[in-house]
Amino acid sequence: MPKATHFTTIEQLEADNTKLHENGCSACAETYEDRLKTQTPHCKFGEDGICCRNCSMGPCRITPKGQRGICGADAHAIAGRNYLRAIASGTSSHSDHARELLHILRGTKPEGPYTVKDEVKLIELATEWGVATEGRGIYDIAHEVAELGLQEFGKADGFQRLVSRAPQERQDVWAKEGIMPRAIDREVVTAMHMTHMGNTADAEYLVRQGLRTGLSNGWGGSMLGTLVTDIMFGTPSVWTTEANLGVLEKDMVNVVVHGHDPAFSEILVDACEDKSVVEYCRSKGIKGINVVGLCCTANEIAMRHGTRMAGNFLQQENVILTGVCDMMCVDIQCIFPALATLADCFHTKFVTSSPIARIPGAIHVEFHPDTAFEQAKELVRSAIDNYANRIEDKIFIPEAKQKATVGYPTEQIIRHLDNVSNSHVASETLGGYRGVIDAVKSGVLRGAVAMVGCNNPRVRPDYSHHEIMRELLKNDILVVASGCSAQVAAKAGLANKDAKYICGSGLRRVCELLDIPPILHMGACVDISRMLLLAAGISEDWGIPMTQIPVVGCAPEWMSEKAVSIANYVVSSGLDVYLGIEPQVKGSSQMMELITEGTKKIVGAGFVINTDPHELVKSIIDGIEAKRAFLGI
Ligand code: SF4
Ligand code: MSK
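Residues numbered from 1 in each chain as written. Chains lettered and ligands numbered in written order. Predicted model: local features only at pLDDT ≥ 70, side-chain atom pairs only at ≥ 80, totals over all residues. Heavy atoms only, no water.

Surveying the vicinity of ligand 1 reveals the residues Cys52, Asn54, Cys55, Met57, Gly58, Cys60, Gly69, Ile70, Cys71, Arg81 and Met197. With respect to the pocket detection grid, ligand 1 is positioned in the second largest cavity. (Near = heavy atom within 4 Å. 1 Å grid on protein atoms, 1.4 Å probe; cavity = no way out; pocket = protein on both sides within 12 Å on 5 of 7 lines; lining within 4 Å. Sits in = over half its atoms within 2 Å of the grid points.)

Structure below.
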């Protein structure tokens, strides 16, 4: 049994953070903690969602003496419109990510640089979409699938193709409530149109469009993104890797990839392993190249290559503060613009690669699929050249790192869980959820929680994830995790198989039987669609609606608009979502009621909000037990 010292505590992470910060101060660096001080207290109108600048008669804000904006919009309309715009932005981000990948799939060719790695998944999708496969070359099929995928964004009629993967009961609810998602761009544009000055002022209809727009992400854009990533780069498998800043190496060239789009990071990982690049590194007398990931890019490459993970969202500045980051290459989303300035305080080369995320002060190398490999090799050579520019007295690498077993996409989880109660129903094929269902029915497992989302300096970073996860494990609740939440688990040592020793006896038995960690790392934030399919499979095999399965979502420290979109598609899919950060609608009692209780009447699930992580986890456990009681198990 591991001692407590085998886990990394939040206090240890914070101590490293303080030391790095001190190191940074001596280098004249500024971090989010400094900027947080200048931004606190936050604007109350913004926090409550009751400031509107949707037209130039304003901006208007709701106050005790001004209960309506100049046009007459009240707090409910303004908060509802702001909320819907956040969902539209989040949906756009995940979906545009998918669209870029579909364009790359359309250009795949056997000689690369982008190829089809998972032919089985491609054929499955082609068959599902009615694309002929018999006697055709794999690239012909890939290109036609990519064309069809691209149509999901702007087609004039019909609904998202992938909703057919949802249980029929969900599809019926969405059809009945008029929230079946149409083309992704259509839902986003409709959301923007509805929130234009002089359109929808009824909060309920803004919330309904939020559910629909979210669905076009979860069962559309995000799911497409995950599928296409698996097809091109391979469906992830189990790897043992390491996580936290201790993965940075003093005597190696550290190349850090950060963002979300695996098209960029995959090629960079390949370039770091290229023989000519490795020889170039040795010719400089350097031991080797250490490529590591940050944020969701870290999740993507860890699950496909075992690449080590330097940290999650709020560690992005810390990586540069170590003084050994020779190059940081970023693609899209969750990238602090502050990194360019911070890199200037050190020797780090900060490289942007996407026209979607241009940052002043960065070296911009726009990636093109046809020349990607040559561009990547050139970048890595430049990182190698930069190694000599390190400034010795600015170097401090925290030692902390933990072993983590990662790479549990839905298929992998099914393979493991199928054995859980030796029922072996459908053991020859994927789709055997009977094992896990039996374990839940018998009480060996009480249920499962999807831990997702970012970390956030509004609260103690990582703390809520950490506290909630540990409590869930103690209570025999299996955790599946993605995004920055998955990395909290990895950094703390909770995605390690030894973490079974802090679990309740039931979950511990399951972990031993299946040789899995109690927290299953499912990927990046775009991969929450994998969790939808897992929950859908459990619901269908069990023969009960998704609203009844003892499975919920939890985003204790969410910060991004993507998270608002995700929360909406998870709720629309029938799973309650527990939030530790309040959505910015507090200034409207009607909006607060709509997102917590109102959506239950529409889709059967809603948000539970509590900023105290201990109270939040208690309500999660109570919620799961209430579902069990309803089922009589
Ligand atoms: Fe003010 Fe209405 Fe214009 Fe918003 S849309 S800024 S509430 S006048
Ligand atoms: S990176 S969206 S901080 S999970 Fe996906 Fe992490 Fe949240 Fe970005």
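Domains assigned within the chain are domain 1 (47-233), domain 2 (245-394) and domain 3 (406-631). Once you take the C-alpha centre of each, domain 2 and domain 3 turn out to be 32 Å apart. On the side of domain 3, 25 residues touch domain 2, which itself brings 18 residues to the contact. When the area that domain 2 buries against domain 3 is broken down by residue, the three leading residues are Met303, Asn312 and Leu314, summing to 38%. Counting across the interface, domain 2 meets domain 3 through zero salt bridges. Our enumeration of links across domain 2 and domain 3 arrives at eleven residue pairs in polar contact (both at pLDDT 80 or more). Those elements that place two or more of their residues in the side of domain 2 that touches domain 3 are α12 (295-305) and β6 (309-311). Top contributing element to the side of domain 2 that touches domain 3 by residue count: α12, with eight residues. Along the lines of polarity and charge, the residues of the side of domain 2 that touches domain 3 split into ten nonpolar, six polar and two charged. (Domains from an automatic or database assignment. Contact = heavy atoms within 4.5 Å. Buried area = accessible area lost by both parts, 1.4 Å probe. Salt bridge = Lys/Arg side-chain N within 4 Å of Asp/Glu carboxyl O. Polar contact = N/O pair within 3.5 Å; in protein donor to acceptor, adjacent residues only side chain to side chain. Helix = DSSP H or I, 4+ residues; strand = E, 2+ residues; numbered from the N terminus. Nonpolar A, V, L, I, M, F, W, Y, C, P; charged D, E, K, R; others polar.)

Scanning the entire structure with this criterion turns up three cavities of 30 Å³ or more. Of the pockets and cavities examined, the second largest cavity occupies roughly 90 Å³. Around the second largest cavity sit 14 residues that line it, and Cys52, Cys55, Cys60, Cys71 and Arg81 are the ones nearest its centre. A breakdown of the residues in the lining of the second largest cavity according to their chemical character gives nine nonpolar, three polar and two charged. (Points joined across faces, edges and corners; volume = space filled by probe spheres on them.)

What follows is about a nonpolar patch on the surface. A cluster of nonpolar side chains, Met57, Ile70 and Met197, forms an exposed patch at the surface whose accessible area comes to about 280 Å². Examined against the element boundaries, Met57 turns out to sit in the loop between β1 (51-52) and β2 (60-61). Note on Met57: relative accessible area 43%, which makes it partly exposed. (Patch = residues over 30% accessible without salt bridge, like charges linked within 9 Å, V, L, I, M, F, W, Y side chains within 5 Å. Areas by Shrake-Rupley, 256 points an atom, 1.4 Å probe, with all protein chains shown as cover. Buried < 20%, exposed > 50% of the residue type's maximum accessible area, 1.4 Å probe, protein only.)

A separate point is unusual backbone geometry. The amide bond that connects Gly58 to the next residue, Pro59, takes the cis arrangement and shows omega of 10 degrees. Assignment of secondary structure puts Pro59 in the loop between β1 and β2. In this structure, Cys295 is a non-glycine residue whose phi angle is positive, near 55 degrees. Looking at the secondary structure, you find Cys295 in helix α12. For Cys295, a relative accessible area of 1% gives the class buried. With phi around 70 degrees, Gln333 is a residue other than glycine that occupies positive phi space. If you trace the backbone, Gln333 turns up in the loop between β7 (325-330) and α14 (338-345).

Next up on the list: the packing of aromatic side chains. As enumerated under the stated definition, the model contains five aromatic pairs in all. Measuring from ring centre to ring centre gives 5.9 Å for Trp174 and Trp219, while their planes differ by 55 degrees; the resulting arrangement is tilted. Pair noted here: Trp174 is in helix α7 (residues 168-176) and Trp219 is in helix α9 (residues 203-233), with a separation of 45 residues, a long-range link. Between Phe313 and Phe336, the ring centres sit 5.2 Å apart and the planes meet at 85 degrees, which makes this aromatic pair edge-to-face. Linking Phe313 in the loop between β6 and α13 (316-321) with Phe336 in the loop between β7 and α14, this pair joins segments that are 23 residues apart in sequence. (Phe/Tyr/Trp six-rings, centres within 6.5 Å; stacked < 30°, edge-to-face > 60°.)

It is worth spelling out the environment of Ala524 at this point. Summarising the element assignment, Ala524 is placed in the loop between β13 (519-523) and α21 (528-542). A C-alpha to C-alpha distance of 8.4 Å links Ala524 and Ala486, two positions 38 residues apart in sequence. Excluding its chain neighbours within four sequence positions, the residues that come into contact with Ala524 are Cys296, Asn299, Glu300, Ser482 and Gly483.

Okay, α9 next. Between its first and last C-alpha atoms α9 spans 42 Å; for 31 residues at 1.5 Å apiece the expected length is 45 Å, and the two agree. Remark: the principal bend of α9, roughly 35 degrees, maps to Asn217. When you tally the buried positions in α9, you get 29 out of 31 residues, the bulk of the element. The N-capping residue of α9, defined by a side-chain oxygen 3.1 Å from the backbone nitrogen of Glu204, is Asp202. A positive backbone phi angle near 100 degrees is found at Gly234, which sits one or two residues after α9. (Expected span 1.5 Å × (residues − 1). Bend = angle between axes of the 7 residues up to and from the residue.)

On to the environment of Cys281. With respect to the helices and strands, the residue Cys281 is situated in helix α11 (residues 275-283). The exposure class of Cys281 is buried, given its relative accessible area of 1%. For the pair Cys281 and Thr200, spaced 81 residues apart in sequence, the C-alpha to C-alpha distance is 60 Å. The contacts of Cys281, once residues within four sequence positions are left out, are Val253, Ile286, Gly288, Ile289 and Ile384.

Taking burial as the measure, the six residues of strand β12 (residues 477-482) include six buried ones, the bulk of the element. The sheet contact formed by strand β11 (residues 447-451) and β12 spans five bridges and is parallel. The partner of Ala450 across the bridge, within β12, is Val480. As for the winding sense of the linkage, the β-α-β connection from β11 through helix α18 (residues 463-474) to β12 is right-handed. Here four bridges tie β12 to β13, and the two strands are oriented parallel to one another. Within the sheet, the bridge partner assigned to Val479 lies in β13 and is Ile519. (Pairing = 2+ DSSP bridges. Right-handed = clockwise from strand over helix to strand, strands pointing away.)

We now examine the sheet that holds strand β15 (residues 577-579). As a general point, the strands of a sheet are linked pairwise by backbone hydrogen bonds and lie either parallel or antiparallel. The strand order across the open sheet formed by six strands is β13-β12-β11-β14-β15-β16, and the pairing between neighbours is parallel. In the strand order of this sheet, the two ends are held by β13 and β16 (607-609), each with one partner. Strand-to-strand, the axes of this sheet are offset by a mean angle of 25 degrees, without reference to chain direction. With three bridges joining them, strand β14 (residues 551-555) and β15 adopt parallel strand pairing. The partner of Ala555 across the bridge, within β15, is Leu579. Running at roughly 120 degrees to β12, helix α19 (residues 483-492) makes contact with β11, β12 and β13 of the sheet. (Axes fitted to C-alpha atoms, helices over the stretch in contact; angles between N-to-C directions.)

What follows is about the environment of Phe264. Examined against the element boundaries, Phe264 turns out to sit in helix α10 (residues 262-273). Judged by relative accessible area, Phe264 falls into the buried class, the value being 3%. For the pair Phe264 and His368, spaced 104 residues apart in the sequence, the C-alpha separation amounts to 9.4 Å. When residues no more than four places from it in sequence are discounted, the contact partners of Phe264 are Tyr114, Cys329, Val330, Asp331, Ser353 and Phe367.

Turning our eyes to something else, we now look at helix α20 (residues 505-514). Buried residues of α20: Gly506, Leu507, Val510, Cys511 and Leu514, and no others. End-on view of α20: buried residues confined to an arc of 135 degrees, all on one side of the axis. Turned more than 90 degrees away from the buried face of α20 sit Ser505 and Leu513, all of them exposed. Here the buried face of α20 lies against α16 (410-417), α18 and β12. Two residues or fewer past α20, Asp515 is found with a positive phi of approximately 55 degrees. (Arc of directions from axis to C-beta.)

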